[in-house]
Every structure is written in structure tokens, then in C-alpha cells.
Amino acid sequence: MAHVVIIGGGFAGVWSAAGAALARGEADLRITLIAPDEHMVLRPRLYEPEPELAKVELARVLGPIGVEHLRARVSTIDTGRRVVVAGGREVGYDRLVLAAGSELVRPGDLPGAGRLFDIDTLDGARRLADHLRDRDDYAAVVVGAGFVGLEAATELAAGGRVLLVDQAEVVGDELGAGPREVIRAALDELGVELRLATTVTEVGDGYAVLSGGNRVEADAVVWAAGLRASELTRQISGDLDHLGRVPVDGHLRALPEVFAAGDTAAAAFDAEHTVMQACQHATPLGKVAGYNAAADLLGLPLRDFTPGPYVTCLDLGGAGAVFTRGWDRKVMASGAAAKEVKKTINQFIHPPVDDASEILAAAGNVYLDLPFFPREEEKAA
Ligand SMILES: Cc1cc2nc3c(=O)[nH]c(=O)nc-3n(C[C@H](O)[C@H](O)[C@H](O)COP(=O)(O)OP(=O)(O)OC[C@H]3O[C@@H](n4cnc5c(N)ncnc54)[C@H](O)[C@@H]3O)c2cc1C
């Protein structure tokens, strides 16, 4: 029986599995998802005080739609022989979907790097929450004032003093000028101290040293300085983009028998932009890549990847949130109104469980269909 293999159990992998199951219908096709953990981790929720809530049991999504889960880590992809090596054993495939996600870029050579905390993985977020739990007051340093660092800093400000540092000259550099004023006002309101054009040069027991030599108190130093695609991408292409992602065509195909989705895929968003490393894009990318991998084997027409409108919703802790639309990131809502949007998104990103028809219907509905993601309206505007 023909075999679709999916590497990764995050947004892209899970939705690839559902997309492939949708294309399969009643046909004979084996679908296997390979990922080491029994849970799908909802990384966008890892800044929350209870990271334990940011997970969904994979069996509850994959079981009802007849997708096998091999709990293993893939070390090798042999595209010539069409096999992957997972947990020391070879698994053959007819079509492969690479959806192994991304990882925080860590500063290996920073003195004291072993003391750094992060909210990149469930284990990392648990470790940070456990370390700071039950402390009356703490001093935290967050390195990186991008999306993840801003969410970490504003959340941590609820229980302690926070210093946010970034080597850039502006806060939220990657988010553009649109939401900058809202972000700055939120940091002021929460008492988060901001040091720009600054980085951390050493981490010690209870302290951090900043570039320029200042030593500051730090019960925890949280590293949040950028994501890079899984190293597995190197085994698919020698032509990776600056985030380590594999180039794919409009069907999300990287090689004749290999598709890529989520944070590993450099798919075109439009003529000017590639997709972001964001669950907002990983989810529809997965739905299309998985569908196409199965459709390709079954002789069905492939789907084009045509993304919905680009939005961002950044949580700002006790100061609410900021919600933007478009690549110029026009602010649509801030404060409490945007916080409601964020709460809705943080629930909405949980996939349906236990019910095959609900899961497959969601796989067929490629784009998020929420009041604040009005695709048709955006197109008409
Ligand atoms: C704190 C934080 C906040 C974020 N906030 C937002 C947000 O507000 N909005 C937004 O859109 N995005 C946000 N993101 C980004 C978003 O989480 C990612 O873009 C998204 O998780 C990518 O999905 P993915 O499936 O491609 O990869 P991942 O979620 O990284 O999943 C990768 C999967 O592959 C598995 N895997 C990795 N290596 C292997 C291997 N060798 N073999 C087998 N399996 C492997 C992993 O175990 C995991 O199951 C945030 C990220 C973080 C860390």
C-alpha cells in the first residue's frame, strides 16, 4: 500500500495528517506521522503562566482519522531511496511531508549559556514557570524584544521586575512601525525596563552582564532571540533561506516526492513576501501539503497554497494586547479589546479532537474562519 509519511507533530504536521486523510477518503493509503512526543505542543501559548495547558494529545486527533503515530525522532532522510531513519529504524515512504518545525537559536558561546531559560518548548516553559513559582518578587532579564520576547516580558512583569534587552535600535523590530507605540506604552505601563542596542554577554548565578559591562540582578535570563528551521531541511535542499527553510512551489512541493510545511517551508505568501514562521501560516500550509502529498499518489488534482490575510496578535500581559492586519501591521485593536481577540485565538488554535468528521471538515477549511480573519472582506478591500 502506498505510504505518506509526515515528520513532525506540531501545527503543520498534525494538519498535514488531517489533510492527507481528507484526500484519502475511502482509498487504500497508509499515513504515518513521526514525532517524538505524545502531545502536539501549542507553542504560541507557552508564554502563559500555565504552559501545561498548551498541549493536545496526538492520539485524540490522529486516532479518529486513521493516521498512525510513530513516536520517534527522525535523524536521516534519504530522498534517493525514499526512506527516513526514525529511532534507529528505516521507514519507507512514497510521499514525504517535512513539518519538523523550528527551534530557538541559542547562543552556544555565551558564558553561562547553560543557565538560560526559554519558552520555546513545553519543557523550557515548564522549567521557567517552576523556577519562578512561589517567589514573592523576582528580577528577570528577557533577551530579544521580538514577538516571543515581548510576550514573555509582559507576562513576567505580573510577578516581578523585568528588564528587556535587544540589540536592535527599536522595540519589536520585526513587527514594524505599526504597533510600536502601543508596545512602548504597554512596557511603560507595566514598568518593564527597556534597553535597546544592548545584549547579554554573560549569565551567572543571580546576575547577568550586559554589553557595556553593567552587571544586573537576574533570577532568570530568558533567551528569546529568533527561530531557525529544523536541521532536517539540509537533507532536502542545499538552497535554504535565511531562516533555514526549504523553498517550495505553489503546491508546497520541494522535491518530486517531498512536500514541506510550517516553519520548515519557505512558501510564497504573495509576490513580495514569504510566509512567516507562525502557526497562522503553519496550519494552512499543513492542510495543503498533506492533502497534496496524498492527492499526488491518488491521481487527484493538487491544491494551490493561497494564504488568507496576514494578521498578528501580540499579548501584552496586564496591558492587554495589540492586534494588527496586513504587512504594514495596521493596528486594528489594542488593550482589552485586542486581549479578547488573543484569548479567542489561543483557544481556536487547538485542533478538534475525538471526532473524525469535525477534524476532516477543519482540514478542508484551509483558512481560519473567524470574525477577525475575514478573508473575503479583506480581498474586497
Ligand atoms: C513563545 C512562542 C509564541 C508564539 N506566538 C505565536 C503567535 O502568537 N502566532 C503565531 O502565528 N505563531 C506564534 N509562534 C510561532 C509558532 O509557534 C510556530 O510558527 C509553529 O509552532 C510552527 O508550527 P510547526 O508545526 O511548523 O512546527 P513546531 O510547532 O515547531 O512543531 C514541530 C514538530 O516537529 C517535531 N520534530 C522536530 N524535529 C523532529 C525530528 N527530527 N523528527 C521527528 N519530529 C521532529 C517536534 O517534536 C514537533 O512535534 C510562537 C512561538 C513561540 C515559541
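Residues numbered from 1 in each chain as written. Predicted model: local features only at pLDDT ≥ 70, side-chain atom pairs only at ≥ 80, totals over all residues. Heavy atoms only, no water.

**Focus on the packing of aromatic side chains**
What characterises a pair of aromatic rings is the spacing of the ring centres plus the angle enclosed by the ring planes. As enumerated under the stated definition, the model contains 2 aromatic pairs in all. Pairing phenylalanine 269 with tryptophan 327 gives two aromatic rings, centres 5.0 Å apart and planes at 75 degrees, and the pair type is edge-to-face. Residue phenylalanine 269 is located in the loop between β22 (265-266) and α6 (279-298), and its partner tryptophan 327 is located in the loop between β24 (321-325) and β25 (330-334); the two are separated by 58 residues in the primary sequence. Taking the centre distance of 4.1 Å and the plane angle of 20 degrees together, the rings of tyrosine 310 and tryptophan 327 count as stacked. Of this pair, tyrosine 310 sits in the loop between α6 and β23 (311-315) while tryptophan 327 sits in the loop between β24 and β25, and the two are 17 residues apart along the sequence. The class for tyrosine 310 is buried, based on a relative accessible area of 4%. Of the aromatic side chains, those joined through ring pairs into one cluster are Phe269, Tyr310 and Trp327. Seen from the ring of phenylalanine 117, arginine 127 lies directly overhead, with NZ or CZ sitting 4.3 Å from the centre. (Phe/Tyr/Trp six-rings, centres within 6.5 Å; stacked < 30°, edge-to-face > 60°. Helix = DSSP H or I, 4+ residues; strand = E, 2+ residues; numbered from the N terminus. Buried < 20%, exposed > 50% of the residue type's maximum accessible area, 1.4 Å probe, protein only. Lys NZ or Arg CZ within 6 Å of the ring centre and 35° of its normal.)

**A few points about unusual backbone geometry**
Backbone geometry at arginine 82 places phi at a positive 55 degrees, although glycine is not the residue there. Within the secondary structure, arginine 82 is located in the loop between β6 (74-78) and β7 (83-86). On the basis of relative accessible area, arginine 82 is assigned to the partly exposed category, the value being 30%. Phi at aspartate 134 takes a positive value of approximately 70 degrees, unusual for a residue other than glycine. As for its position among the elements, aspartate 134 is in the loop between α3 (122-132) and β11 (139-143).

**Digging into the domain arrangement of the chain**
Entries for the chain in the domain assignment read domain 1 (3-103 + 227-307) and domain 2 (107-223). One C-alpha centre belongs to domain 1, the other to domain 2, and the line joining them spans 31 Å. Between domain 1 and domain 2, the contact holds 11 residues from the first and 11 residues from the second. For the pair domain 1 and domain 2, the summed buried area comes to about 970 Å², and 60% of that belongs to carbon and sulfur atoms. Interface area lost by domain 1 to domain 2 is led by Leu46, Tyr47 and Pro51, which between them contribute 53%. One can count 2 salt bridges joining domain 1 with domain 2. Notably, a salt bridge pairs aspartate 120 with arginine 43, separated by 2.6 Å at the nearest N-O pair. Across the domain 1-domain 2 interface, the total number found is 2 residue pairs in polar contact (both at pLDDT 80 or more). Residues belonging to the side of domain 1 that touches domain 2 are distributed by class as follows: 7 nonpolar, no polar and 4 charged. (Domains from an automatic or database assignment. Contact = heavy atoms within 4.5 Å. Buried area = accessible area lost by both parts, 1.4 Å probe. Salt bridge = Lys/Arg side-chain N within 4 Å of Asp/Glu carboxyl O. Polar contact = N/O pair within 3.5 Å; in protein donor to acceptor, adjacent residues only side chain to side chain. Nonpolar A, V, L, I, M, F, W, Y, C, P; charged D, E, K, R; others polar.)

**Some details on the side chain of histidine 3**
Its location among the elements puts histidine 3 in strand β1 (residues 3-7). Here glycine 92 takes part through its backbone oxygen, which lies 2.9 Å from a polar atom of the side chain of histidine 3. When near neighbours in sequence (up to four residues on either side) are disregarded, histidine 3 contacts Leu29, Arg30, Ile31, Thr32, Val91, Gly92, Tyr93, Asp94, Arg95 and Leu297.

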